[in-house]
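Analysis of the macromolecular model
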Amino acid sequence: MSEINEQRVCIKFCLKLGKNATETYTLIKTAFGDDSLSRSVIFEWFKRFKDGRQSTEDDPRSGRPSISRNDDVVVNIYEKVRNDRRLTVRELANEAGISIGSCHEILTENLQMRRVAAKFVQRLLTSEQKENHLTICKDLKNRSADINFIKNIITGDETWVYGYDPETKLQSSQWKTKFSPRPKKADIKTMLIVFF
């Protein structure tokens, strides 16, 4: 039982003992001290009980009950984020049929998630690829000492251009919990390798 409800029960009890509102206020103030209800609230509840009210619970409030933050919606959002951590709040809200604000509260408060951008790393290569790159670089270094190596290079007027659109910070960001690892993406500057 909450402390407020407990004080309401005490007000009802004092009324049944034949106390008036002022005496009830004094007794409640003595029993609960600084945590007691205000004078006006005690008098209001005393009047309600005197007029025949039996329940100590609050009256039901008008308005539409919140349907966006129930357990089913939270589980639905959680499943969608687990399937694709790059979904935005707007996309999740549209798929779940709830407001953007409610969706953001579910993600941050209920699921304890936050959106983080992927961290740039030098290269996302396997150990085999790293060893292969090292072997090629050593081979090129050894060849450059040979004077005839430069003569064997064929030049032309053909240009090769590779298109690459790096992800923006927003595109690479993902939802994560505080225990999941931070996402990674390769740095475009280290992706360009020049062979001669």
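In what follows, the accompanying structure is described. Remember, it's a predicted structure, so these values are computed and weren't measured experimentally. Within each chain, residue numbers correspond to sequence positions counted from 1 in written order. Residue-level local features of this predicted model are given only where pLDDT is at least 70; pairs of side-chain atoms are given and counted only at 80 or more, and the full residue set underlies all totals for whole chains, interfaces and linings. Where side-chain values are given, they derive from all heavy atoms of the structure, hydrogens and water being excluded.

1. Remarks on the overall build of the protein
When its secondary structure is counted, the protein shows 10 helices and 4 strands. Any residue under 20% of the maximum accessible area for its type is buried, any over 50% is exposed, and the rest in between are partly exposed; the area is computed with a 1.4 Å probe on protein chains only. Of all 196 residues assigned to the protein, the portion counted as buried reaches 26%. Note on contacts: a residue pair qualifies if any of its non-hydrogen atoms lie within 4.5 Å across the two residues. Residue pairs at least 24 apart in sequence account for 67% of intrachain contacts in the protein once pairs closer than 6 positions are excluded. Here the accessible surface of atoms and residues is derived via Shrake-Rupley with a 1.4 Å probe, and residues count as covered only by protein chains that are part of the display. Counting only carbon and sulfur atoms, one obtains 52% of the accessible surface of the protein, whose full area is about 15100 Å². Secondary structure follows DSSP: runs of H or I at least 4 residues long count as helices, runs of E at least 2 residues long count as strands, and numbering of each begins at the N terminus.

2. Here's the deal with a positive patch on the surface
On the surface, a cluster of positive charge is made up of R114, K119, K169, R182 and K184. Along the chain, the position of R182 falls in the loop between β3 (174-177) and β4 (184-186). Here a patch means residues that are over 30% exposed by relative accessible area and free of salt bridges, tied together within 9 Å if like-charged and within 5 Å if nonpolar (Val, Leu, Ile, Met, Phe, Trp, Tyr). By convention in these notes, a salt bridge is any Lys or Arg side-chain nitrogen within 4 Å of a carboxyl oxygen on Asp or Glu. Note that His is not counted, nor are the chain ends; the positive residues are Lys and Arg, and the negative ones are Asp and Glu. Here the site of a charge means atom NZ of a Lys, CZ of an Arg, CG of an Asp or CD of a Glu.

3. Some remarks on the pattern of salt bridges
Applying the stated criterion to the full structure yields 4 salt bridges. For D51, the salt bridge is made with K47, and the minimal N-O distance between the two is 3.2 Å. Summarising the burial analysis for this pair, D51 and K47 share the class exposed.

4. Considerations on helix α5 (residues 89-96)
Buried residues of α5: V89, L92 and A93, and no others. Looking down the long axis of α5, one finds its buried residues gathered within 100° of arc, a one-sided arrangement. In α5, those exposed residues whose orientation departs by more than 90 degrees from the buried face are R90 and N94. One or two positions beyond α5, positive phi appears at G97, with a value near 75°. Note: the arc covers the axis-to-C-beta directions of the helix.

5. A word on the packing of aromatic side chains
Any Phe, Tyr or Trp ring, taking Trp's six-membered ring, that has another such ring centre within 6.5 Å forms a pair; planes under 30 degrees apart are called stacked, those over 60 apart edge-to-face, and the others tilted. Across all of its chains, the model carries 1 aromatic pair by this definition. Ring centres of W45 and F49 lie 5.6 Å apart, and the angle between their planes is 40°; on these two criteria the pair is classed as tilted. Here W45 and its partner F49 are both found in helix α3 (residues 39-50), 4 residues apart, which amounts to about one turn of the helix. Both residues of the pair, W45 and F49, belong to the buried class. Counted as over-ring charges are cases with an Arg CZ or a Lys NZ within 6 Å of the ring centre that also lie within 35 degrees of the ring normal. For the cation-ring pair, R39 lies above Y25, with the distance from its terminal atom to the ring centre recorded as 6.0 Å. A cation over an aromatic ring shows up here: R48 above the ring of W45, its NZ or CZ 4.5 Å from the ring centre.

Interpretation note: all reported values are geometric properties and have no functional meaning in isolation.
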